[in-house]
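Okay, here's what each chain looks like letter by letter:
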Amino acid sequence: RMVFAIVLIAELVAIILTLARHGSAAAFFPDLARTSLFLLWIALTSAALLCSARPGLAHLSVAGAAALSFALLLVSTVLVSEAAWWLGRYWHGIDPAGFRGLFPERHGRFLAANLAISTIVSALILRYFYVAHEWKRNVQMEARSRIHALQARIRPHFLFNSMNTIAALTRTSPARAEEAVEDLADLFRATLRDAQEPIRLKEELEVARIYQRIEQLRLGERLQVEWHVATLPMRARVPSLIVQPLLENAIYHGIEPLPGGGTVIVAGCLRDGRIQLSVSNPVPADSGQSEREGNRLALANIRERLQLSYGARARLDVERGASDYRVTLEFPHVEDAG
């Protein structure tokens, strides 16, 4: 993608320079081809130099890295310009008439013009990348703060209800109370870990199952959860906390308001190199699950983290039927190499 962007920038500059030099169509296209070839060599050589210098640039300040990158771009321009000049001298010596007009004839003017153009274009490109980098960094910082807020936000009613359930179990079933305490500790541990690091899909589904077990103690037979995830690649790397909030919303907004409870269905499959995960739950006919604030915040948070991890390759779809509500996640399958 970055190579395509570099080629596109080089071609746009070539078109602008050629348009500035020629008014007739007869000389336009040959000059455009020559200019494009020359600028592509400069652009790709510059990209190679910057990639090679990337480990060193990472340790510098923003100003230092920008200055060094700018210098490397000018050096690349000088190197390719000199190579083009001496290549032209070589071919001119072999065939003076055949290559006339193809290569530059005035060395100093050719080099100075290329340096001037490179200075302007490089400054504009570096400024663009700096602004894009700052924008992306701000978006990531905002998303990180939202992730931390989601991690810290286990609804008070859930915590209080869980503790009340555990307190009741200590009198009737101490073993189940001990298991519930361990599940609650595991759930808090999962929500407090570093959300920037992707986890295995198996671990993400286990967090959701822990949450289900805790809610099962409170809701009993009113809550039924069907898991159809056997065909999913459990070693796939995914952003953390993308399934548990969906299950939480399905239970809180869908199952809990229904007097008779209902069934939440968690289903997934791998299709054409993409993982599809859906969580669906029944809702009363007059329910507005999609309109509730907590539900909207959770969906917006998950959607934003999918976009940060996969870009336009990920999607989150919401389907609101007459009696059911479904959220579907779709994103690329990235296998764990470990």
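Cut-offs used in this document
Residues numbered from 1 in each chain as written. Predicted model: local features only at pLDDT ≥ 70, side-chain atom pairs only at ≥ 80, totals over all residues. Heavy atoms only, no water. Pairing = 2+ DSSP bridges. Helix = DSSP H or I, 4+ residues; strand = E, 2+ residues; numbered from the N terminus. Axes fitted to C-alpha atoms, helices over the stretch in contact; angles between N-to-C directions. Phe/Tyr/Trp six-rings, centres within 6.5 Å; stacked < 30°, edge-to-face > 60°. Buried < 20%, exposed > 50% of the residue type's maximum accessible area, 1.4 Å probe, protein only.

A. Up close: the sheet that holds strand β5 (residues 274–282). Across the sheet, five strands lie side by side as β2-β4-β5-β7-β6; this open sheet has mixed pairing. Two strands lie at the open edges of the sheet, namely β2 (223–228) and β6 (315–320), each paired on one side alone. On average, adjacent strands in this sheet sit at an angle of 10° to one another, irrespective of strand direction. Across six bridges, β2 lies against strand β4 (residues 262–271) in parallel orientation. Among the inter-strand pairings, E226 is bridged to a residue of β4, identified as I265.

B. Looking closely at unusual backbone geometry. Notably, L241 is not glycine yet its phi reads approximately 55°, a positive angle. Structurally, the position occupied by L241 is in the loop between β3 (237–238) and α9 (244–255). The backbone phi angle of D272 is positive, close to 55°, even though this residue is not glycine. Note that D272 resides in the loop between β4 and β5.

C. Broad picture of the packing of aromatic side chains. Under the counting rule described, the total for this entry stands at three aromatic pairs. Ring geometry for F38 against F110: centres 5.7 Å apart, planes inclined by 50°, an arrangement best described as tilted. Taken together, the residues span a long stretch of sequence, with F38 in helix α2 (residues 25–52) and F110 in helix α5 (residues 107–152) at a distance of 72 residues. An identical accessibility class is assigned to F38 and F110; each is buried. On the numbers, 5.4 Å between centres and 15° between planes, the contact of Y310 with F331 is stacked.

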